[in-house]
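# Working through the structure, step by step
Residue-level listing of the chains:
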Amino acid sequence: MASSEEDGSVEEKENNNKKRSKSAFVTAWLTFYNIAMTAGWLVLAIAMLRFYLQRGTHIGLYRSISRTLKFFQTVALVEVIHCAVGMVRTSVIVTGVQVCSRIFMVWFVTNSIKQIQNEESVVLFLVVWTVTEITRYSFYTFNLLKHLPYFIKWARYNMFIVMYPLGVAGELMTIYTALPYVRRSGMFSMRLPNKYNVSFDYYIFLIIVMLSYIPLFPQLYFHMLRQRRKVLHGEVIVEKDE
């Protein structure tokens, strides 16, 4: 009987040790990831500021930072995996929508339609994304290190009130500006007849994407407002790496 109890105790200790090791690994990985992403978006911010100070114009800005932007924004797909495997307690759907919409804007709108790259709306969403991401990733980094300065916490849960609508406005204006070029070129579209017997109109698809902001934006915005109330009223933080 004693032997059975001892075996059970040893097994429990081993399980606890495994859990602690796994938790330590997850924390270390998330800390590394968030530090890297903070640094990446800081590099983007410095590059944009330097470009404007040297040239005195936003013309050519997107082209000068496009590689860095595409790299760090695409790497953010890792965050969907973090949610899917349970490394963070955030909705896979919410994270997936946010990340994929950004990647779509970068790769399939701004990068693909060169005629719109110098539009002021592109600069608007780039500035908003950069400020938001520096704040967000630095928040997660300090939170994981358990040394969260109040001004970063304040910025994370207050700046989005203005930044989020501005970013959405920049994205929508950019897509709207792209519509005539897409319609004329027929890019990414498939016309019938073809060997796949499938029709796809990218112009219509972009209009549907714009319309999708109507139901999606309020949901994501009010999600952040709920998080703001929880955190700023001293409740437990539910997110680590959204």
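Figured I'd write up the structure that's included with this text. What you are looking at is a predicted structure, and each value in this text was computed from that prediction instead of being measured. (Residues numbered from 1 in each chain as written. Predicted model: local features only at pLDDT ≥ 70, side-chain atom pairs only at ≥ 80, totals over all residues. Heavy atoms only, no water.)

Next up on the list: the overall build of the chain. Of the regular secondary structure elements, the chain holds eight helices and zero strands. Secondary structure elements of the chain, listed N to C terminal, follow the sequence α-α-α-α-α-α-α-α. Burial analysis of the chain (242 residues in total) assigns 39% to the buried set. Only carbon and sulfur atoms are counted for the fraction: they give 64% of the accessible area of the chain, which is about 14200 Å². (Helix = DSSP H or I, 4+ residues; strand = E, 2+ residues; numbered from the N terminus. Buried < 20%, exposed > 50% of the residue type's maximum accessible area, 1.4 Å probe, protein only. Areas by Shrake-Rupley, 256 points an atom, 1.4 Å probe, with all protein chains shown as cover.)

As a further point, take the layout of surface pockets. A volume near 710 Å³ is recorded for the largest pocket. Residue lining of the largest pocket: 36 residues in total, with Q98, S101, R102, Y164 and L220 positioned closest to the centre. At the level of secondary structure, the elements contributing two or more residues to the lining of the largest pocket comprise α4 (92-110), α5 (120-144), α6 (150-156), α7 (160-185) and α8 (202-232). Tallied by class, residues from the lining of the largest pocket come to 21 nonpolar, eight polar and seven charged. (1 Å grid on protein atoms, 1.4 Å probe; cavity = no way out; pocket = protein on both sides within 12 Å on 5 of 7 lines; lining within 4 Å. Points joined across faces, edges and corners; volume = space filled by probe spheres on them. Nonpolar A, V, L, I, M, F, W, Y, C, P; charged D, E, K, R; others polar.)

The next subject is the environment of W154. Within the element layout of this structure, W154 appears in helix α6. Sequence separation between W154 and V231 is 77 residues, and the spatial gap between their C-alpha atoms is 9.6 Å.

This part takes up the nonpolar core. Burial of nonpolar side chains together is a common tendency in soluble globular proteins. Core analysis: the largest hydrophobic core is formed by 39 residues, its most contacted members being W41, L69, V109, L126 and L206. Mapped onto this core, the elements with two or more residues apiece are α1 (2-55), α2 (61-75), α4, α5, α7 and α8. Counting residues per element, this core draws most heavily on α5, at seven residues. Non-local contacts of L69, meaning those with residues more than four positions away in its chain, are made with W41, L44, Y62, V106, L126 and W129. (Core = buried A, V, L, I, M, F, W, Y, C linked by side-chain atoms within 4.5 Å. Contact = heavy atoms within 4.5 Å.)

Our focus in this paragraph is α4. Across its 19 residues, α4 extends 26 Å between first and last C-alpha, which sits within 8% of the 27 Å expected from 1.5 Å per residue. At F104, α4 shows its maximal bend, which comes to roughly 25 degrees. Looking at α4, one finds that the buried residues are V94, T95, G96, V99, R102, I103, F104, M105, V106, V109 and T110. In the core, the buried residues of α4 are packed alongside α2, α3 (78-84), α5, α7 and α8. Where α4 begins, the capping side chain belongs to S91, and its oxygen is found 3.2 Å from the backbone nitrogen of I93. (Expected span 1.5 Å × (residues − 1). Bend = angle between axes of the 7 residues up to and from the residue. Polar contact = N/O pair within 3.5 Å; in protein donor to acceptor, adjacent residues only side chain to side chain.)

This brings us to the packing of α4 against α5. Between α4 and α5, the least distance of the axes is 13 Å, while the angle of their chain directions is 150 degrees. The pairing of α4 with α5 is recorded here as roughly antiparallel in orientation. Crossing angle aside, the handedness with which α4 passes α5 is left-handed. Contacts between α4 and α5 involve R102, M105, V106 and T110 from the former and V122, F125, W129 and E133 from the latter. (Axes fitted to C-alpha atoms, helices over the stretch in contact; angles between N-to-C directions. Parallel < 35°, antiparallel > 145°, perpendicular 65-115°, else oblique. Left-handed = near helix turned anticlockwise from the far one by under 90°.)

For side chains of opposite charge, pairing can occur when their charged atoms come near one another. All told, the structure shown has four salt bridges when counted by the stated rule. With a closest N to O distance of 3.2 Å, R102 and E133 form a salt bridge. Highlighted residues: R102 in helix α4 and E133 in helix α5, separated in sequence by 31 residues. Exposure class is identical for R102 and E133. Each is buried. A salt bridge links D201 to R191, with the shortest nitrogen-to-oxygen separation between them at 3.2 Å. Residue D201 is found in the loop between α7 and α8, and its partner R191 is found in the loop between α7 and α8; the two are separated by 10 residues along the sequence. By relative accessible area, which is 46% here, R191 ends up partly exposed. Residues participating in the shared-partner salt-bridge network are E79, R102, E133 and R136. (Salt bridge = Lys/Arg side-chain N within 4 Å of Asp/Glu carboxyl O.)

A word on the environment of G86. With respect to the secondary-structure elements, G86 resides in the loop between α3 and α4. Judged by its relative accessible area of 54%, G86 is exposed. When the C-alpha positions of G86 and V26 are compared, they lie 10.0 Å apart, and in sequence the two are 60 residues distant.

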